[in-house]
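Structural features, examined
Next come the chains, spelled out residue by residue.
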Amino acid sequence: MSVPTETRLTQVVPDVIQAIHEVLERHQVTEEEWLAALRFLTEVGRADEFILLSDVTRTSVLIDALSHTDEDGATASDVEGPLYRDDPPWREHRIYEDYEGMGEDAEVLLVRGDVTSTDGTPLEDAVIDVWQTGPDGGYDLWDSRQPAYNFRGKLRTPGGKYEFQTMLPKPYTVPTDGPVGRYLEAIGQHPWRPAHIHFKVAAPGHKTLVTQVFFPDDPYLENDTIGAVKPALVRPVEPEGDHLACRFDISLRSA
Ligand code: BEZ
Ligand code: FE
């Protein structure tokens, strides 16, 4: 049973304020420093970068860990990040269009798997929503060469199975042109993420799963700027004919 919002607020907020006061006292923070901190947070809000700040401070990873503690055979969850877009187009198979300058070394990747309940029942009426960067490291939102919703899409799961055609993504940097980028620079934290594909999977009677899939041998697997890599979510990529293939089975827990 969920606790009413007011009760949670009266439980949590005084502790948050006490923790902030303790840090300010311990470090003898000056008036100037506190005002600079408030100006920074104001900028973060204006730039719509609070999710990004939560991600790069690894707070999102902590909340994910606190929110999904069961070990019941369900696929591990992961952070959503700030780059999800509502209502992507339905896709039959291919989730992208070619675009000028997409890179000659771009590699076609088929991703496929079973979608089941944790008891093994195939989920025929799940919806898989995927999003990722193109093969040279950019999301459609940042890359004016790409059509809107490129490398995004919703897929159905007939027979409890799915497959889609994409390009192997590459490592990329989180946005660095705003206040969070300045913060990363100031504390000496690099902005790179390992290559990954985001998944949001919903099925009637089941908890929606938000997760990411990573690939072996990525230089940032051990060193993701948002700390979101889970070994259970690293999946091999194998050559298959003239393309690559990756299997990612998905198991959802019932609601
Ligand atoms: C992403 O994986 O899309 C992402 C996550 C955190 C910050 C920025 C981007
Ligand atoms: Fe991403």
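Residues numbered from 1 in each chain as written. Chains lettered and ligands numbered in written order. Predicted model: local features only at pLDDT ≥ 70, side-chain atom pairs only at ≥ 80, totals over all residues. Heavy atoms only, no water.

Digging into the layout of surface pockets
By volume, the largest pocket amounts to about 300 Å³. At the level of secondary structure, the elements contributing two or more residues to the lining of the largest pocket comprise helix H1 (5–26), helix H2 (31–46) and helix H5 (179–187). Sorting elements by how many residues they give to the lining of the largest pocket places H2 first, with 6 residues. Split by residue class, the lining of the largest pocket holds 12 nonpolar, no polar and 1 charged. (1 Å grid on protein atoms, 1.4 Å probe; cavity = no way out; pocket = protein on both sides within 12 Å on 5 of 7 lines; lining within 4 Å. Points joined across faces, edges and corners; volume = space filled by probe spheres on them. Helix = DSSP H or I, 4+ residues; strand = E, 2+ residues; numbered from the N terminus. Nonpolar A, V, L, I, M, F, W, Y, C, P; charged D, E, K, R; others polar.)

A look at the site of ligand 1
Around ligand 1, the neighbouring residues are Leu52, Asp55, Gly81, Pro82, Leu83, Tyr139, Tyr172, Val174, Arg193, His196, His198 and Ile226. Between ligand 1 and the protein, one listed contact pairs an oxygen atom with a side-chain N or O atom of arginine 193 at 2.6 Å. Here histidine 196 contributes a side-chain N or O atom positioned 3.0 Å from an oxygen atom of ligand 1. Protein chains bury 100% of the 260 Å² of accessible surface belonging to ligand 1 in isolation. The site holding ligand 1 turns out to be the largest cavity. Contributions of two or more residues to the shell around ligand 1 are made by helix H3 (50–56) and strand E7 (196–202). Partitioning the shell around ligand 1 into residue classes produces 7 nonpolar, 3 polar and 2 charged. (Near = heavy atom within 4 Å. Polar contact = N/O pair within 3.5 Å; in protein donor to acceptor, adjacent residues only side chain to side chain. Areas by Shrake-Rupley, 256 points an atom, 1.4 Å probe, with all protein chains shown as cover. Sits in = over half its atoms within 2 Å of the grid points.)

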